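# What the coordinates show
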Amino acid sequence: MKKKIGGIGLCMLAWSILTCAQTITPQAEQRAREIVSKMTLQEKIEYISGYTSFSLRAIPRLGIPEIKLADGPQGIRNHAPKSTLYPSGILSASTWNRSLLYQLGQGLGQDAKARGVNILLGPGVNIYRAPMCGRNFEYMSEDPYLTGKIATSVIKGVQSNDVAVCVKHFALNNQEKYRMTIDAKIEDRALYEIYLPAFKEALTEGNAYSLMCSYNKINGTYASENHRLLTEILRDEWNYDGVVISDWGAVHSTVPSALAGCDLEMSVTYNFDDYFFAKSLKEAVLNGEVPESVIDEKVARILLLQKRIKLYEGTRKRGEYSTTKHHRILLEAAGESIVLLKNDRNILPLDTKKCPKIAVIGDAAKRPLACGGGSSEATPLFEITPLMGINMVTGSHCIVKYAPGYYVDNEEHVTGDVDWQATSLDACDDEDCVTDTDAATADGTLNSPAKGNSKGIINSKAKKEALLNEAINLAKECDVVIYVGGLNRAYDTEGFDRTSYDLPYNQYEVIDALLKVKPDMVISILSGSAINLSPFNDKASAILWNSMAGMQGGLALAQTIFGDVNPSGKLPVSFPVQLSDCSAHSTGSYPCDDPNVADDQKTCTYSEGIYVGYRHYITNNVKPLYSFGYGLSYTSFEYSGLNINELNNNEYEVSFKVKNTGDVSGKEVCQLYVTANERTVDSPAIELKGFTKVNLNPGEQKECIITVNKDAFSYYSESSHGFICEPGSYTISIGSSSDKLILRKDINISVND
Ligand code: BGC
């Protein structure tokens, strides 16, 4: 015991020298190395693989405390029985509000801090490539610029509380189907322009202290042992000196992974001594296959992360959870994330005085859907469902009645009785698995929910009919109908992809029948990715979109429907009319399930290249049902006065005015897109290169300024292996969405490099 205390004292002294500076200095690095030099090989090896599934062991002899990790990204899943749950990644992005998301990040960080969590596993910044990916709700957007900016705001907020983020999943985890083994084949231009920029932004501008590598292969090599990715790009090109953590169970080898740049092996199984970075790595060091200096670097990076989160300083911030401020921020974020897609004849907002009797119809209205399924699924402290929210907002003004409307026939998937992790990891065939289940297929596709015998089918048909009739009768007896449907945890989930673009269950049938009774029905669709709205879009008058919105999601939705919140969310992804319009589908490069190839050998060639999302739709004249950046408001905005000033160093200051021309206060997301008019290589018609969200009272006008630099005019050249800004004409457009560009000006760039 005495020895232990002595050890801590010595180390505290060592670290106090190390920590007098705010950032990592050469001295700090030197001190980290000194601590490493005091560690035995056994201690070092033990330090770079999990102690438990969500912690790194303490080394009391050297005063190194235990490090706790937790999922992420919506709340704190591990080391906390319950957590405050914030909106999902895709919803965070649909706010387009960086300062709000910084505050959201602060809340997450404070929560983690209060629970003793040192590394929060999130945010996820993979690009939304195809609507079917089960994990889209955790990611942010089809656009790398938006993803990078949103993620950076959250990261800065979290880390301002001396808690490290772990940005995931590096790289190309763009589908959950075959996620453990799929080989994503991609050319450099798409890699550098679409799939890497958000990671780079998160690590460099956001200064994220750690990064998680993905399960899949990239151009033939697993991410965890991909030297090009983890060393040449990450360390050599981006100068990243944070910690690279494997996804849980993503390491497949000892020597290649250790040499490629993975620092820390984590997994879901308890056989820690058998990890690739355990006994076998020690042997590899002893027999000279891996230099001990490589292990030293890995340990030093983890020690530097501890310094970054001030683990040894008295000045470390205090954590707190479930404060009034947290609740306010998450409600505000949920409110700002809701996207108003359609509002014919200004049906919304509803007036409680004009609808004394309200029918709320749809299973999703009453079901806790604060988060999606999988590792992000933390248990919320409480949850306000849409039905509860509508009751709260309408108070005693209205009678609110509920009917489920559609029949959910895969309850076990929706309620989370199916264990996503155990079934989606190969490792879970053995008895070391944390949990086990037989409810899903190995390839990452959900089993058909409608299993059972003919008796079951008859029952389900009868149930559907009964629920439909109940809903129709309720709609007839009420003044207005609010339909709340969409997806749920069975579909917005890690480990699986959806197999259909359509709304599940018999929702189209129910919506169709209800629209006949109440053509002005308000339709609210919850989904973590684009979904097929075409079957009812033309018939419906009012449609709202949101997704896993956190604990107060139902209240935010109700406040929007009844006008306490003026919607200001804009779509971070396009909603194609049909799946075949999406470039990953039209080029046949999703879901890559060639039946002639074994599941663990499947490859996915990203044939659409850089033409992802609106870059494809707009360039190739494929009109989506709803475009990237789109979203209505209860007020209207007028844009004018575009001015572009050249600053130093090829920087341009773009200014314009926005006026609220309606009767209510509202926020507008103003978007800046760039078009390269004379580039020598094919390029997208427009690319997002800036945005700002402005709050305006009725009649108020503000000037907005967005600064862009050379990066906004550059593309990745495969032949030069770098970004190039060609001289020539470029158009800068300002608009309220990618398909509504209102102000335009051409500039001439003379720089050549
Ligand atoms: C997920 C990660 C998660 C980890 C730990 C993995 O299955 O892909 O995102 O952080 O589990 O729960």
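Residues numbered from 1 in each chain as written. Predicted model: local features only at pLDDT ≥ 70, side-chain atom pairs only at ≥ 80, totals over all residues. Heavy atoms only, no water.

Moving on to the site of the ligand. Looking at the ligand, there are 16 residues lining it, with Asp71, Arg135, His169, Asp247 and Glu494 nearest. Contacts to the ligand include Asp71, whose side-chain N or O atom sits 2.5 Å from an oxygen atom. One of the side-chain N or O atoms of His169 is found 2.7 Å from an oxygen atom in the ligand. For the ligand, whose free accessible area comes to 310 Å², the fraction covered by protein is 100%. Of all the secondary-structure elements, those providing two or more residues to the shell around the ligand are β4 (164-170) and α17 (420-424). Considered class by class, the residues forming the shell around the ligand number six nonpolar, three polar and seven charged. (Near = heavy atom within 4 Å. Polar contact = N/O pair within 3.5 Å; in protein donor to acceptor, adjacent residues only side chain to side chain. Areas by Shrake-Rupley, 256 points an atom, 1.4 Å probe, with all protein chains shown as cover. Helix = DSSP H or I, 4+ residues; strand = E, 2+ residues; numbered from the N terminus. Nonpolar A, V, L, I, M, F, W, Y, C, P; charged D, E, K, R; others polar.)

Moving on: the pattern of salt bridges. Tallied over the full model, the rule gives 42 salt bridges. The shortest N-O distance in the salt bridge between Glu477 and Lys357 comes to 3.5 Å. With Glu477 in helix α18 (residues 454-477) and Lys357 in strand β11 (residues 357-361), this pair connects stretches of sequence that are 120 residues apart. In this structure Glu477 comes out as partly exposed when scored by relative accessible area, which is 38%. Residues joined by salt bridges that share partners form a network here, namely Arg135, Glu138, Glu176, Arg179 and Glu494. (Salt bridge = Lys/Arg side-chain N within 4 Å of Asp/Glu carboxyl O. Buried < 20%, exposed > 50% of the residue type's maximum accessible area, 1.4 Å probe, protein only.)

Before going further, it helps to examine the environment of Tyr501. Within the element layout of this structure, Tyr501 appears in the loop between β13 (480-486) and α19 (507-517). Under the relative-accessibility criterion, Tyr501 is labelled buried at 4%. Residues Tyr501 and Asn391, 110 residues apart in the sequence, show an inter-C-alpha distance of 32 Å. Aside from chain neighbours lying at most four places away, what touches Tyr501 is Pro131, Met132, Ala530, Ile531, Asn532, Phe575, Pro576, Val577, Gln578 and Leu579. In terms of polar contacts, Tyr501 uses its side chain to reach the backbone carbonyl oxygen of Pro576, at 2.7 Å. (Contact = heavy atoms within 4.5 Å.)

Bringing the sheet that holds strand β9 (residues 243-246) into the picture now. Paired through backbone hydrogen bonds, the strands of a sheet run either parallel or antiparallel to each other. Spatially, β1-β2-β3-β4-β6-β9 is the arrangement adopted by the six strands of the open sheet, whose pairing is mixed. Two strands close off the open sheet at either side, each with one partner strand: β1 (55-56) and β9. Of the strand pairs in this sheet, strand β2 (residues 67-71) and strand β3 (residues 119-121) are connected by three bridges, and their pairing is parallel. By the bridge assignment for β3, Asp71 is matched with Leu121. (Pairing = 2+ DSSP bridges.)

Turning our eyes to something else, we now look at the nonpolar core. One recurring pattern in soluble globular proteins is that nonpolar side chains are buried together. Among the nonpolar cores identified, the biggest contains 128 residues, and Val167, Phe170 and Trp248 are the most heavily contacted of them. Of all hydrophobic cores here, the second largest spans 89 residues; its members include Tyr128, Leu348, Tyr626 and Tyr634. (Core = buried A, V, L, I, M, F, W, Y, C linked by side-chain atoms within 4.5 Å.)

For helix α12 (residues 292-308), spanning 17 residues, the distance from its first C-alpha to its last is 24 Å, which sits close to the expected 24 Å at 1.5 Å a residue. Of all 17 residues in α12, 12 are buried, a share of seventy percent or more. Among the residues of α12, those classed as buried are Ile295, Lys298, Val299, Ala300, Arg301, Ile302, Leu303, Leu304, Leu305, Gln306, Lys307 and Arg308. Looking one or two residues past α12, Lys310 carries a phi angle of roughly 55°, positive in sign. (Expected span 1.5 Å × (residues − 1).)

Okay, the state of the cysteines next. All told, the structure shown has one disulfide when counted by the stated rule. The partner cysteine of Cys592 in its disulfide is Cys604, sulfur to sulfur 2.2 Å. In this pair, Cys592 is assigned in the loop between α22 (583-586) and β16 (603-605) and Cys604 in strand β16, connecting sequence segments 12 residues apart. The pair formed by Cys592 and Cys604 is uniform in burial state, with each residue classed as buried. Cys604 provides the cysteine sulfur closest to Cys133, a residue in no disulfide bond, and the two sulfurs are 11 Å apart. Looking at Cys398, it has no disulfide partner, and the nearest cysteine sulfur is the one in Cys355, 4.8 Å off. Residue classification places Cys398 among the buried positions, given a relative accessible area of 9%. (Disulfide = S-S within 2.5 Å.)

Mapped onto the elements of the fold, Asn643 is located in strand β17 (residues 637-646). Asn643 sits in the partly exposed class, given a relative accessible area of 38%. Between the alpha carbons of Asn643 and Val751 there is a distance of 21 Å; along the sequence they are 108 residues apart.

So, about the pairing of β17. In terms of strand pairing, β17 meets strand β18 (residues 652-660) through eight bridges, oriented antiparallel. Bridged to Tyr639 within β18 is Val658. As consecutive antiparallel partners, β17 and β18 are separated by five residues, and within that stretch Asn649 has a phi angle of approximately 50°, a positive value.

Once that is clear, we can look at the pairing of strand β15 (residues 542-546). Within β15, five of the five residues are buried, which leaves it mostly tucked inside the rest of the structure. Residues Ala542, Leu544 and Asn546 point to one face of β15 and Ile543 and Trp545 to the other, with burial holding for every one of them. Inspection of the sheet shows strand β10 (residues 339-343) paired to β15 by four bridges, in the antiparallel sense. Paired with Asn343 across the strands is Ala542, a residue of β15. Pairing between strand β14 (residues 522-526) and β15: five bridges, direction parallel. When the sheet's bridge partners are listed, Ser524 is paired in β15 with Leu544.

A separate point is helix α2 (residues 26-37). Compared with an ideal rise of 1.5 Å per residue, which puts 12 residues at 16 Å, α2 spans 16 Å between its outermost C-alpha atoms and is within 8% of the ideal. Those residues of α2 that sit buried are Ala28, Arg31, Ala32, Ile35 and Val36. Burial along α2 is one-sided: seen end-on, the buried residues are contained in an arc of 145°. When the buried face of α2 is taken as reference, the exposed residues oriented beyond 90 degrees from it are Pro26, Gln27 and Ser37. (Arc of directions from axis to C-beta.)

Moving on to the sheet that holds β13. Here we have six strands laid out as an open sheet, ordered β10-β15-β14-β13-β11-β12, and mixed in their pairing. In the strand order of this sheet, the two ends are held by β10 and β12 (399-403), each with one partner. Averaged over all adjacent pairs, the angle separating strand axes in this sheet is 20°, with direction ignored. Alignment of β13 against β14, held across five bridges, turns out to be parallel. Looking across to β14, one finds that Tyr483 is bridged to Ile523. Contacting β11, β12 and β13, helix α15 (residues 386-394) runs over the sheet at an angle of about 170° to β12. (Axes fitted to C-alpha atoms, helices over the stretch in contact; angles between N-to-C directions.)

Tracing the chain through its elements places Asp263 in the loop between α10 (255-260) and α11 (279-286). In terms of polar contacts, Asp263 uses its side chain to reach the side chain of Arg235, at 3.0 Å. Look past the residues within four positions of Asp263 in its chain and what remains in contact with it is Ile48, Arg235, Gly242, Val243, Val244, Phe277, Lys298 and Arg301.

This brings us to the packing of α2 against α12. Two numbers describe how α2 lies on α12: the axes approach to 9 Å, and their chain directions differ by 120°. Taken together, the axis directions place α2 and α12 in an arrangement best described as oblique. Crossing angle aside, the handedness with which α2 passes α12 is right-handed. Across from Ala28, Glu29, Ala32, Arg33, Ile35 and Val36 in α2, the residues of α12 making contact are Asp296, Glu297, Val299, Ala300, Leu303 and Leu304. (Parallel < 35°, antiparallel > 145°, perpendicular 65-115°, else oblique. Left-handed = near helix turned anticlockwise from the far one by under 90°.)

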